[in-house]
Every structure is written in structure tokens, then in C-alpha cells.
2 protein chains.
Amino acid sequence: MRDTVDDWPTGRLLAVAARLVEQRWREALEERGLSYAGLIVLHTLDAGGRSLGVLARAAHVTAQTMGRTVEHLERDGYVRTVVDAGDRRRRLVERTDAGARVFAEMHGLEARMFPELEQSEQLRATLLEIIRAVGGDPQPPAVTPDSLGL
Amino acid sequence: MRDTVDDWPTGRLLAVAARLVEQRWREALEERGLSYAGLIVLHTLDAGGRSLGVLARAAHVTAQTMGRTVEHLERDGYVRTVVDAGDRRRRLVERTDAGARVFAEMHGLEARMFPELEQSEQLRATLLEIIRAVGGDPQPPAVTPDSLGL
DNA sequence: CTCCATTACTAAGCCTGCTGAATAACTACA
DNA sequence: TGTAGTTATTCAGCAGGCTTAGTAATGGAG
């Protein structure tokens, strides 16, 4: 009769847990005018400028979604985009100084915010298996998704 | 240099995994004109009619979000709402015959869709700990959120 | 019995996901 | 060269999260 979260299917638990963690992040981010999705982009750009499509594939979101997120980051002055000279279809996205600064401020938090989470190798391994099994890195499409096992 | 998902913070992995699983669900649901959020509501209503607020707390979403989801379910004919006679602020939500039918069709899928997921007691336990630590059941607010440990 | 705090829900608006469909630029091939 | 196909991005629109700000009904205190 009692309908607690305890007897929910695992997929649903996954969604709720992810939402709660993200929400906690939001509280820390909003005072910098930054979103969780934006933080991910700034993090990815740490290694240098990237095109929109590359960013999208890295974050496992569609190009459309990434386009809008980058738009917002640009509006807020955290990234700038330039048309790729070699392939004018491409828009290269790079961090501004403000973007690099705000990322540096937030970066340390990733480990401090949920230390138990970061240290749980078991959980990380399981999540990575799920991601590979369900989503799969788009690079090797020859892998059968049935080879999971967990 | 290579920026794969492997070295992402755990919270981010959680979000990606949840999104991928939900997306897989969506494919199976859309042909019935049902959303993932809607399925959760129909599931919760399996035990009988519930008010909007109760549904929201059960799903760990805000009352506003639940209001809209119920609105969509009602539009599609899967639930009906009636004003509670005893407390006219409340709107009781109950499944229609169509709602009960479509839920029955989908219900079995919960276990079949990702069998490995459902059987991983380890993962379930970890997710429940996260949910309790970060979100916490609103019922016992006396529990200190520091008592996690994973 | 009246007044006020609380509770349940609604309204408006923002952000991030998605899909489907268009456009522009590049590439390959005849 | 020219044309067809692929790839990168954008546009439009829907759903579901969230927040802040109302409104209406309840219920308790004086």
C-alpha cells in the first residue's frame, strides 16, 4: 500500500538520484549565473577549443541541445565562437577569460561536493557499463549492445 | 587530451546514464502516446486515487511539474481528476480505464527492459542511499543528512 | 465568529532534453 | 564541372525539470 521509492524500478531510482544531485549543484552554480550543462561545456573546453558537434557528442546530448547551451554561455560571456576557417560549416567554441575563471572557481567543487560519490569506484564502474551498454560511444558502432552483463 | 566520459565526475555519469535509460524507455512508450513521467504517475495510481501533492512527493518532483504532467495525462484520456469533497483545495487524480489498460501493457516491461539493472541489488542500494542523503524522504526531517557513508 | 497562518494548487517564465525539418558547406564521383 | 550525398549547424516546437509569485480553501487562536 505504502508507495515509497524503495520498491521502484532501478531505472527510476537512477533518474531521481541524478535529478537530486544535479539540483544540489544548481544551488552552488546559480550564484555564478552558470548552469550544470554550462559547467560541463566549460570543463570539456579545458583541453582547448572544440566544435559544437564534438561538444555534443562528448556530453551525450544532441547538437541542437548543445547549440542552445553554448548560446547561453556566449550570452553570459563565458565562451566565444568563431567560424572554423578550414571548414566554414563548423563553429569552434572557446572559453573566454571569464569562462576560464569561473570554471577554475567551480572545478574544485566537483570533488568536494559529493566526496563519497567520487570515491565509489563500484558505482562509477556500474554507471560506465550502463552508458556503454545503452548509449555506447558513437565511435565503434560495430559493438553489439547485448554484450552487457553488469 | 582525449576527453572520454570515463574521467567524468560521478554525478555527471549518473545524469548521463539516467538520460540514456530514460531515452530507451521513451522509444517504447511513445507509440502509446505515453511519457516516462506519465508512466510513473500511472504506476503510483495503481494503489488507488491520489491527490496531486501526494503524487508529486512520491515522484520527488514539485507540485507544479506534477500538475502539468497530470494535465497531459488527462488530455490524453489516461487519468481523470475530481475535486476532493472533504477538502476542496485538493484535486484527486485517478486512472481511467484506458489508463489502467495502458499501464498493464507497459508494466511488465519494467523488468524486461533492463533485467541486469533490476537485478543489481548493489546499484539499487547505492542509489537509495544517494536519494536519502541528498533528497531525503520529506517525512522524517529529523534525520541528519551527514549520515551517509555509501 | 473573525482573522491569520498554513496548505494545495495554479500561473508565468526559464533551462535543458528531445524530435523533425531546413540550410549551408564540404566531398566524392561521373 | 556539376551534381548528388554527407555533415555541421540552425529553426521550430513539445515535454518535463525548476523558481517565484499568486489564489483559494482550511483550520486554529483569540
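What you see is a predicted model; the values in this text were computed from it and never measured.

The rules behind the values
- Residues numbered from 1 in each chain as written.
- Chains lettered and ligands numbered in written order.
- Predicted model: local features only at pLDDT ≥ 70, side-chain atom pairs only at ≥ 80, totals over all residues.
- Heavy atoms only, no water.
- pLDDT = per-residue confidence, 0-100.
- Contact = heavy atoms within 4.5 Å.
- Helix = DSSP H or I, 4+ residues; strand = E, 2+ residues; numbered from the N terminus.
- Near = heavy atom within 4 Å.
- Polar contact = N/O pair within 3.5 Å; in protein donor to acceptor, adjacent residues only side chain to side chain.
- Nonpolar A, V, L, I, M, F, W, Y, C, P; charged D, E, K, R; others polar.

1. Brief notes about the confidence of the model for chain A
Close inspection of predicted coordinates is inappropriate for parts of the model with low pLDDT. Of all residues in chain A, 88% attain a pLDDT of 70 or more, and the chain-wide mean is 86. Predicted confidence for residues 138-150 of chain A stays below pLDDT 50, and this span has 10 contacts to residues more than four positions away or in other chains.

2. Structural notes on the environment of Ile-40 of chain B
With respect to the helices, strands and loops of the structure, Ile-40 of chain B is situated in helix α2 (residues 36-44). For the pair formed by Ile-40 of chain B and Ala-100 of chain B, sequence separation is 60 residues and the distance between their alpha carbons is 12 Å.

3. What to know about the protein's contact with DNA strand D
As a structural note, the neighbourhood of DNA strand D is formed by 23 residues, with Gly-53 and Arg-91 of chain A together with Ser-35, Gln-64 and His-72 of chain B the closest of them. Near-protein atoms of DNA strand D (within 4 Å) split between backbone and bases, with sugar and phosphate holding 61%. Gly-53 of chain A has a polar backbone atom sitting 2.6 Å from a phosphate oxygen of DNA strand D. For DNA strand D, a phosphate oxygen lies 2.5 Å from a polar atom in the side chain of Ser-35 of chain B. Every element with two or more residues in the surface near DNA strand D is listed here: α1 (10-30) and α3 (52-59) of chain A together with α4 (63-75) of chain B. Looking at the surface near DNA strand D element by element, the count peaks at five residues for α4 of chain B.

4. Digging into the protein's contact with DNA strand C
By nearness alone, 24 residues border DNA strand C, and Ser-35, Gln-64 and His-72 of chain A together with Gly-53 and Arg-91 of chain B come closest of all. When the atoms of DNA strand C within 4 Å of the protein are sorted by group, sugar and phosphate make up 61%. Contact between DNA strand C and Thr-65 of chain A: a phosphate oxygen at 3.5 Å from a side-chain N or O atom of the residue. In this structure, Arg-88 of chain A approaches DNA strand C through a main-chain N or O atom, which is 2.9 Å from a phosphate oxygen. When contributions to the surface near DNA strand C are tallied by element, the ones reaching two or more residues are α4 (63-75) of chain A together with α1 (10-30) and α3 (52-59) of chain B. At five residues, α4 of chain A tops the list of elements feeding residues into the surface near DNA strand C. Residue composition of the surface near DNA strand C, by class: three nonpolar, 11 polar and 10 charged.

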